[in-house]
Number of protein chains: 2
Amino acid sequence: MSLIAVGTIAFDSIKTPVGQADRVVGGAASYICLAASHFVKKQNLISVIGEDFPQEFLKELKSRGVDQNGLKLIEGGKSFFWEGSYHDDLIKRDTLLTELNVLEGWSPVVPDEAKNTEFVMLGNLDPSIQTSVLNQMSIKPRLVVLDTMNFWMDIAMDNLKSVISRVNVLMINDDEARQLSGENSLINAAKEIHKLGPETVVIKKGEHGALMFENNKKFFTPAYPLDKVVDPTGAGDTFAGGFIGLLASKNSTGWQEKKQAIVAGAVLASFTCEAFGTKRLAELTTNDWQERVKNLQEMSRVEPLFL
Amino acid sequence: MSLIAVGTIAFDSIKTPVGQADRVVGGAASYICLAASHFVKKQNLISVIGEDFPQEFLKELKSRGVDQNGLKLIEGGKSFFWEGSYHDDLIKRDTLLTELNVLEGWSPVVPDEAKNTEFVMLGNLDPSIQTSVLNQMSIKPRLVVLDTMNFWMDIAMDNLKSVISRVNVLMINDDEARQLSGENSLINAAKEIHKLGPETVVIKKGEHGALMFENNKKFFTPAYPLDKVVDPTGAGDTFAGGFIGLLASKNSTGWQEKKQAIVAGAVLASFTCEAFGTKRLAELTTNDWQERVKNLQEMSRVEPLFL
């Protein structure tokens with residue numbers, strides 16, 4: 001099964017306690033497409049770039065089956081740029097500069113051939129753009145996954161809630177789940193978020209792993225433990241791309257497969273954290289991530305406690 | 001197998017965002033003994049109390065097989081008292097008052113009949129007291145578990161490191177693991193702590209679960225997710241008591257059993273968080289905790305991801 005990936009394609013300048021990187025390729029859709037490409041052979045990328053964006057990266061995506069008919073190139077335009085600096089805990093970060101550039105005024109266009117795609121990943125982006133993509137679909141997709149962040153809760157809550165009501169899976173981090181629901185307990189937060197529409201709620205907790213809720217079912221995976229985190233930027237996007245990529249490759253929206261998809265997402269995200277930008281994720285071999293999947297599954301495996 | 005439980009028996013006054021409790025029974029050993037009593041039929045409690053301590057609680061412990069020959073009663077003395085207040089996150093807390101009372105100048109005495117006990121739980125306490133208990137043993141115990149906290153790292157690091165070098169399992173929380181090792185990554189922290197002596201390192205992460213490291217093996221359990229946390233005081237002690245209690249009951253120090261012991265500890269700790277003091281842990285039925293063990297194991301169970 002193919003999938004649609006919507007999100008930014010951008011440049012990032014990033015400072016972390018272990019180093020810094022200047023104008024590396026980033027953006028939610030870059031990570032989503034690279035991650036999903038480990039599972040699916042065909043994707044449609046919906047995004048926008050300026051003339052300054054490197055052909056090399058686009059070729060890399062193309063070689064991985066990422067169709068770019070939905071990628072708008074603005075002649076003379078500059079690509080979206082984000083600059084940020086992480087605190088010592090490698091979780092908190094300050095945004096130093098955001099240049100919307102070509103993102104400003106962009107209306108996404110879903111190519112005709114992609115309008116009946118059954119798996120849709122709405123990467124973190126203005127909820128009105130996420131809505132516009134859904135409005136252009138000719139079918140009701142089997143699975144729409146939406147990733148978002150507190151920024152949109154602060155400035156566009158109504159639009160955000162409106163698009164959330166139309167998706168199957170909402171992915172947010174723990175603080176955002178608390179902000180969106182007004183509940184401190186993540187169990188209660190998930191219950192409140194279910195009421196907004198999504199039947200599945202995935203709560204990302206960074207180094208502490210991820211929780212998934214669906215009806216009365218719960219699943220938890222630890223994060224893959226790392227010796228050294230270089231840069232967590234894009235880890236959440238990678239997680240999302242791995243999650244939907246695995247489900248699309250299995251052509252399934254079942255609970256068993258969703259659990260496996262969470263594990264796949266967590267493992268891919270661990271690689272993203274090991275270098276600045278998309279570098280580590282792009283060079284990854286199948287062997288690399290399969291080894292970590294095995295390790296991570298072993299880490300959580302325990303014989304039932306005989307009672 | 002029986003076990004020795006060393007730790008405080010105390011009164012706590014506690015304020016949390018959801019309420020408060022005045023002079024409830026607490027102290028590390030109270031929680032350890034109650035938790036372990038779900039698994040072992042015989043324990044030796046090593047602690048000290050004043051004349052103000054309620055007979056009722058001691059009777060409760062006795063009915064659970066907790067031998068009190070090592071419990072010193074100081075006539076006319078007042079029991080150890082702690083008063084604290086939790087922040088909104090239910091993790092950070094401020095100590096408002098500590099009255100050492102009978103704890104001051106107390107030297108623990110291991111009763112003769114307990115000196116050959118094979119499972120020893122050194123609850124959070126002055127490391128010199130933990131050391132004294134080890135010095136009194138007539139055999140080298142099969143498994144010594146030590147729980148401690150940052151307070152002892154701040155004021156008694158040398159004594160602490162000395163007793164740590166003599167134990168098999170060290171239990172601390174994630175911040176403390178970083179403080180003790182000087183390493184930010186918990187993987188590297190565990191490696192450094194192994195070098196101090198303990199072959200097994202258990203890192204408690206509160207609502208995020210617990211990690212266990214032994215040689216190159218790792219195990220992770222989520223915390224049991226709760227709708228409502230009333231008071232986390234004693235959760236770590238309960239976790240420790242459940243852990244060593246399960247191992248003693250299985251008469252094992254093997255990796256498989258340690259993994260099950262971590263799950264048992266996490267489940268029992270979840271009950272402690274549901275009420276002030278030892279109340280919830282004391283009224284717990286076997287059915288209650290077995291149900292949660294089943295749920296928690298189900299939460300982490302995923303079919304191997306076919307590759």
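Residues numbered from 1 in each chain as written. Chains lettered and ligands numbered in written order. Predicted model: local features only at pLDDT ≥ 70, side-chain atom pairs only at ≥ 80, totals over all residues. Heavy atoms only, no water.

Peer 1: Let's hear about the sheet that holds strand 8 (residues 93-99) of chain B: which residues, and what values?
Peer 2: Note: strands within a sheet are paired through backbone hydrogen bonds, in either parallel or antiparallel orientation. All names here are of chain B. Read from one edge of the open sheet, four strands run 3-2-7-8, paired in mixed fashion. The outermost strands of the open sheet, each flanked by one partner alone, are strand 3 (19-26) and strand 8. The average undirected angle you get between the axes of adjacent strands in this sheet is 15 degrees. Pairing between strand 7 (residues 80-86) and strand 8: six bridges, direction antiparallel. Residue Tyr86 lies in a different strand from strand 8, and its bridge partner there is Arg93. (Pairing = 2+ DSSP bridges. Helix = DSSP H or I, 4+ residues; strand = E, 2+ residues; numbered from the N terminus. Axes fitted to C-alpha atoms, helices over the stretch in contact; angles between N-to-C directions.)

Peer 1: Explain the layout of surface pockets to me, using residue names and the numbers behind them.
Peer 2: The calculated volume of the second largest pocket comes to roughly 350 Å³. Along the walls of the second largest pocket sit 17 residues, with Phe213, Asn215, Asn216, Lys217 and Lys218 of chain A positioned nearest its centre. The set of elements that each furnish at least two residues to the lining of the second largest pocket consists of helix 7 (186-196), strand 14 (217-221) and helix 9 (255-272) of chain A together with helix 11 (286-300) of chain B. Among the residues forming the lining of the second largest pocket, the class breakdown is seven nonpolar, four polar and six charged. (1 Å grid on protein atoms, 1.4 Å probe; cavity = no way out; pocket = protein on both sides within 12 Å on 5 of 7 lines; lining within 4 Å. Points joined across faces, edges and corners; volume = space filled by probe spheres on them. Nonpolar A, V, L, I, M, F, W, Y, C, P; charged D, E, K, R; others polar.)

Peer 1: An account of the nonpolar core is needed here, citing residue identities and associated values.
Peer 2: What tends to happen in soluble globular proteins is that the nonpolar side chains get buried as a cluster. Grouped together as the largest cluster of nonpolar side chains are 206 residues, with contacts concentrated most on Leu122 and Phe243 of chain A together with Leu122 and Phe243 of chain B. Beyond its immediate sequence surroundings of up to four residues, Phe243 of chain A is in contact with Val145, Val169, Met171, Met212, Lys258, Ala261, Ile262 and Gly265 of chain A. (Core = buried A, V, L, I, M, F, W, Y, C linked by side-chain atoms within 4.5 Å. Buried < 20%, exposed > 50% of the residue type's maximum accessible area, 1.4 Å probe, protein only. Contact = heavy atoms within 4.5 Å.)

Peer 1: Help me get a handle on the interface of chain A and chain B, residues and values and all.
Peer 2: If you look at the interface, chain A gives 40 residues, while chain B gives 40 residues. Note on chain A versus chain B: buried area summed over both sides is about 3,500 Å², and carbon and sulfur give 57% of it. Remark: the boundary between chain A and chain B carries two salt bridges. For Arg178 of chain A, the salt bridge goes to Glu207 of chain B, with nearest N and O atoms at 3.3 Å. At the boundary of chain A and chain B, one finds 22 residue pairs in polar contact (both at pLDDT 80 or more). Listed by contribution, the elements that provide at least two residues to the side of chain A that touches chain B are helix 6 (174-181), helix 7, strand 14, helix 8 (235-250), helix 9 and helix 11 (286-300) of chain A. The class makeup of the residues in the side of chain A that touches chain B is 18 nonpolar, nine polar and 13 charged. (Buried area = accessible area lost by both parts, 1.4 Å probe. Salt bridge = Lys/Arg side-chain N within 4 Å of Asp/Glu carboxyl O. Polar contact = N/O pair within 3.5 Å; in protein donor to acceptor, adjacent residues only side chain to side chain.)

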